[in-house]
Amino acid sequence: MRIDVVSIFPSYFDGLTLSLLGRARDSGILDLNVHDLRDWTSDRHRTVDDTPYGGGAGMVMKPEPWGLALDQLASARAGSVAEPVGPRPTIIFPSPAGEVFHQSTARELADHEHLIFGCGRYEGIDERVFEEAAELGEVRLISLGDYVLNGGEVAVMAMIEAIGRLIPGVVGNPESLVEESHEDGLLEYPSYTKPSVWRDREVPPILLSGNHGAIAAWRREQQIERTRRRRPDLLPDEG
Ligand code: 6GU
């Protein structure tokens, strides 16, 4: 998979060289490229924002650098710039006004060949950029949840981590992807390791029983009970 990120704070993404995703990048499974939006400006001050038409507080990101960035990155496909071949990219703009990101969103996006993330700052990006982007690929506005961040960078970090670990080969043991919170609509069961007694706290004895059927049933019960307690909204309505 190829991922391009455009931001005025590219160093936010330095963390993606660490750990699992770093290894995926080194091995070539994940082709992750982070770009500075200011590289597509041409004035001496590398300006990316301006005052809003109609007035109001704050600044709006200018369309021109975004247009040039997306033209270049969306054409980074086989063939020529004029006549690219292969699937069109999916262009994602993190936005608190977008559809909410779920595990199902991550699963869907993990199947795409080319994702472009455009991180907005200030009061947002000139609306015409979204129209223009729709000529180049499938545009999605995606939110992490119902709260406001200062910019899209942290949201995109979260999305890339959620998507990246679902790409085949990124997580060493694919079974560890299955028994996880949200994968089957329930929260994860509790985990324990040695010692069996720690500060007078015992590991639930069933886990030491060797009875795999009983352990599986107990874990399922724990999942349902935790979900009922912490996230009842995830459970189907009972009558
Ligand atoms: Cl994707 N962006 C910003 N700026 N704030 C958010 C968000 C995204 N998701 C939740 N809050």
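Keep in mind that what you see is a predicted model, and the values were worked out from it rather than measured.

Visitor: Lay out the overall build of the protein in plain terms, naming residues and giving numbers.
Guide: Regarding its fold elements, the protein presents seven helices and eleven strands. For the protein, whose C-alpha radius of gyration is 22 Å, the value lies well above the compact-globule estimate of 18 Å for 239 residues. Along the three orthogonal principal directions, the C-alpha set of the protein runs to about 70 × 45 × 40 Å. By residue count, 38% of the 239 residues in the protein fall in the buried class. Restricting the contact set of the protein to residue pairs at least 6 apart, pairs at least 24 apart contribute 74%. Surface summary for the protein: the accessible area is close to 14,200 Å², and the carbon and sulfur share equals 50%. The protein carries 24 positive and 39 negative side-chain charges, and their two centres are separated by 7 Å.

Visitor: Give me the site of the ligand: which residues, what numbers.
Guide: As a matter of local geometry, the ligand sits amid Pro94, Ser95, Pro96, Ile142, Ser143, Leu144, Gly145, Tyr147, Val148, Leu149, Gly151 and Ala155. A distance of 3.4 Å separates a nitrogen atom of the ligand from a polar atom in the side chain of Ser143. The backbone of Tyr147 places a nitrogen or oxygen atom 2.5 Å from a nitrogen atom of the ligand. If the ligand stood free it would expose 290 Å²; the protein chains cover 96% of that surface. At the level of elements, β7 (90-100) and β9 (138-143) are the ones that each hand at least two residues to the shell around the ligand. Looking at the shell around the ligand, the element that brings in the most residues is β7, giving three residues. Classifying every residue of the shell around the ligand by side-chain character gives eight nonpolar, four polar and no charged.

Visitor: Can you explain the packing of aromatic side chains? Please cite residues and give values.
Guide: One pair of aromatic rings is described through two measures. These are the centre distance and the angle between the planes. Under the definition given, this model contains three aromatic pairs. Relative to Phe93, the ring of Trp66 lies with its centre 6.3 Å away and its plane at 75°, an arrangement referred to as edge-to-face. You can see Trp66 sitting in helix α2 (residues 63-74) and its partner Phe93 sitting in strand β7, a full 27 residues away along the chain. With relative accessibility at 0%, the residue Trp66 sits in the buried group. In this structure Phe93 comes out as buried when scored by relative accessible area, which is 2%. Put simply, the rings of Trp66, Phe93 and Phe130 touch in pairs and so form one group of aromatic residues.

Visitor: Before we move on, could you go through the pairing of strand β8 (residues 114-118) and cite the residues and values that matter?
Guide: Of all five residues in β8, five are buried, a share of seventy percent or more. Along β8, one buried face is formed by His114, Ile116 and Gly118 and the opposite face, lined by Leu115 and Phe117, is buried too. Note that strand β1 (residues 2-7) and β8 share five bridges and pair parallel. Bridged to Arg2 within β8 is His114. Bridge analysis of β7 against β8 gives three bridges, and the strand direction is parallel. Considered in β8, the bridge of Thr90 is made with Leu115. One crossover worth recording links β7 to the parallel β8 by way of helix α3 (residues 103-109), and it is right-handed.

Visitor: Let's hear about the sheet that holds β7: which residues, and what values?
Guide: Spatially, the five strands line up as an open sheet ordered β2-β1-β8-β7-β9, and their pairing is parallel. Strand pairing shows two members of the sheet lacking a second neighbour, β2 (31-36) and β9, which therefore form its edges. Sheet twist, expressed as the mean angle between neighbouring strand axes with direction ignored, is 30°. The pairing of β1 with β2 spans six bridges and is classified as parallel. In the strand pairing of β2, Ser7 is matched with Asp36.

Visitor: So what about the pairing of β1? Which residues, and what values?
Guide: Most of β1 is tucked away, with five of its six residues classed as buried. This β-α-β element, β1 to helix α1 (residues 19-27) to β2, shows right-handed connectivity.

Rules and cut-offs
Residues numbered from 1 in each chain as written. Predicted model: local features only at pLDDT ≥ 70, side-chain atom pairs only at ≥ 80, totals over all residues. Heavy atoms only, no water. Helix = DSSP H or I, 4+ residues; strand = E, 2+ residues; numbered from the N terminus. Rg over C-alpha atoms; globule rule 2.2 N^0.38 Å. Buried < 20%, exposed > 50% of the residue type's maximum accessible area, 1.4 Å probe, protein only. Contact = heavy atoms within 4.5 Å. Areas by Shrake-Rupley, 256 points an atom, 1.4 Å probe, with all protein chains shown as cover. Lys, Arg positive; Asp, Glu negative; His and termini not counted. Charge placed at Lys NZ, Arg CZ, Asp CG, Glu CD. Near = heavy atom within 4 Å. Polar contact = N/O pair within 3.5 Å; in protein donor to acceptor, adjacent residues only side chain to side chain. Nonpolar A, V, L, I, M, F, W, Y, C, P; charged D, E, K, R; others polar. Phe/Tyr/Trp six-rings, centres within 6.5 Å; stacked < 30°, edge-to-face > 60°. Pairing = 2+ DSSP bridges. Right-handed = clockwise from strand over helix to strand, strands pointing away. Axes fitted to C-alpha atoms, helices over the stretch in contact; angles between N-to-C directions.

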